[in-house]
Amino acid sequence: MGALRRVDKNCACVESIIQSNGGGKDSLISILQDVQAEYHYLPEKALRRVAKNLGLPLVQVYGVATFFKAFSLKPRGKHLVHVCLGTACHVRRAPAVLAEVERHLGVAKGETTPNFEFTLETVNCLGTCALGPIVMVDEKYYGQMNVGKVKKMLAGYKKFSRPKRDEKIKVSA
Amino acid sequence: MVELTIDGIPTRVPEGTTVVEAARDLGIVIPTLCHHPGLSPYGACRVCLVEVAKGKRSSLEASCTLPAAEGQVIFTNSARVKATRKVIIELLLASCPSSKTLQDLAANFGVNRVRFQIKDKNCILCGLCVRYCKEQMQSGGIGFVGRGTGRQVATAFSVTPEECRNCGGCEWICPVCERACTADRLVNGLCGGCQNVFPVETCPVCVNCSQSVGAAGHKVYY
């Protein structure tokens, strides 16, 4: 369900997601995961629909959605870029890698590019410290990153909004 | 039926009874905040800690979620329990000094300083309102939102939910909302009003019961 669809007005695909997960209250998290895979975030309408169909109070669904960091209530990009800032990566200049990724994407950490292609986030450890500094894009790990490798790494993914020259200077300053 | 010993008194209670209920049957008062007879046990506030002897060792456990077991030996007011309970009350006060229920508890248990930085969140996350809404009103309008230090009681998307019937039960049961501390000033998280200032002397002979009626009138408190 990785394909990006236009968000249908009433989140109609929620019903089929619930059916494919068995339709039980106990499969709430996997339902939310599938909804997130569909829209790249959890739209309010989808959450309301999930709550109604499962017979759960909305606040319970909302509580689960806000509890896990993997879920987002804000629209996110197609590709998730995680830059590790854990101790091992930090001492190997992960902040410089982060600054370079920010410069290339034209957004600060925690933000999404305007064309909804990339969302940039930082994590505190990805568990592969031997490969640090490490960047994870979607499911793929890029080890031993440095400033020079960032451009090539991002080029492997689809278009990203390249900031204009004056914007570039503003972000890196 | 299971047989257990609480503060040296042997007692028999039906299986499934929690230790706090068994103790209250004996007239031993264990202070609680998040416990309510009409709601499911939760174990959030940890004020009801008791010491459970296990051979040569002992452990501290929340009595509101601890089922009574055969041969259990419980101490509700040992030195370890008292010391730990004071720290817990201090921690609760640091996150919510405006609650009269908490201030009274602090006065009752001789907490006369708060060693932690005061961060008034106006909530102790005891979950009483959330459980009341869900279990007694069958509604589920409010719940816990977020995680870690950002965890709070809220409604979904910060709008009044359809399920809410405006019963006011969440405010009624809340140890903070209903009984806000009306003291003029708080000195380092403690109000110093009410029971801290006016000792209530009701016991002519101190039997070291678990709960006092006043800070000055009881030899348990120092």
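Residues numbered from 1 in each chain as written. Chains lettered and ligands numbered in written order. Predicted model: local features only at pLDDT ≥ 70, side-chain atom pairs only at ≥ 80, totals over all residues. Heavy atoms only, no water.

### Re the sheet that holds strand S2 (residues 9-13) of chain B
All names here are of chain B.
Thought 1: Spatially, five strands are ordered S2-S1-S5-S3-S4 in an open sheet, and the strand pairing comes out mixed. Each of the sheet's edge strands pairs with one partner strand only, and the pair in question is S2 and strand S4 (57-62). Going across the sheet, the axis of each strand differs from the next one's by a mean of 35°, ignoring polarity. (Pairing = 2+ DSSP bridges. Helix = DSSP H or I, 4+ residues; strand = E, 2+ residues; numbered from the N terminus. Axes fitted to C-alpha atoms, helices over the stretch in contact; angles between N-to-C directions.)

### Remarks on the sheet that holds strand S2 (residues 118-123) of chain A
Residues and elements named next belong to chain A.
Thought 1: One open sheet holds the four strands; their spatial order is S2-S1-S3-S4, and the pairing between them is mixed. The sheet is open, and its two borders are formed by S2 and strand S4 (140-142), each paired with just one other strand. Strand-to-strand twist across the sheet, computed as the mean angle between neighbouring axes with direction ignored, equals 20°.
Thought 2: The pairing of strand S1 (residues 79-84) with S2 spans six bridges and is parallel. Paired with leucine 80 across the strands is threonine 119, a residue of S2.
Thought 3: Of the strands in this sheet, S1, S2 and strand S3 (135-137) are in contact with helix H6 (residues 94-105), which crosses S2 at around 165°. (Contact = heavy atoms within 4.5 Å.)

### Notes on the interface of chain B and chain A
Thought 1: At the junction of the two partners, chain B supplies 16 residues and chain A supplies 13 residues.
Thought 2: Carbon and sulfur atoms supply 66% of the area buried between chain B and chain A, which totals about 1100 Å² over both sides.
Thought 3: Per-residue buried area on chain B facing chain A is highest for B:Arg147, B:Ala156 and B:Phe157; these three make up 52% of the total on that side.
Thought 4: The interface formed by chain B and chain A holds two residue pairs in polar contact (both at pLDDT 80 or more) in total. (Buried area = accessible area lost by both parts, 1.4 Å probe. Polar contact = N/O pair within 3.5 Å; in protein donor to acceptor, adjacent residues only side chain to side chain.)

### Topic: the environment of A:Pro43
Residue and element names in this part refer to chain A.
Thought 1: Tracing the backbone shows proline 43 in the loop between helix H2 (28-39) and helix H3 (44-54).
Thought 2: Residue proline 43 is classed as buried on the basis of its relative accessible area of 6%.
Thought 3: With 32 residues separating them in the primary sequence, proline 43 and proline 75 have C-alpha atoms 7.8 Å apart.
Thought 4: Here proline 43 is in contact with Cys11 and Val35, once residues within four sequence places are set aside. (Buried < 20%, exposed > 50% of the residue type's maximum accessible area, 1.4 Å probe, protein only.)

### A look at unusual backbone geometry
Thought 1: One non-glycine residue, A:Arg93, lies in the positive phi region at around 70°.
Thought 2: By secondary structure assignment, the location of A:Arg93 is in the loop between helix H5 (87-91) and H6.
Thought 3: Among the residues examined, A:Arg93 registers a relative accessible area of 64% and is labelled exposed.
Thought 4: In this structure, B:Asn122 is a non-glycine residue whose phi angle is positive, near 60°.
Thought 5: Mapped onto the elements of the fold, B:Asn122 is located in the loop between helix H3 (100-108) and helix H4 (128-136).
Thought 6: The class for B:Asn122 is partly exposed, based on a relative accessible area of 48%.

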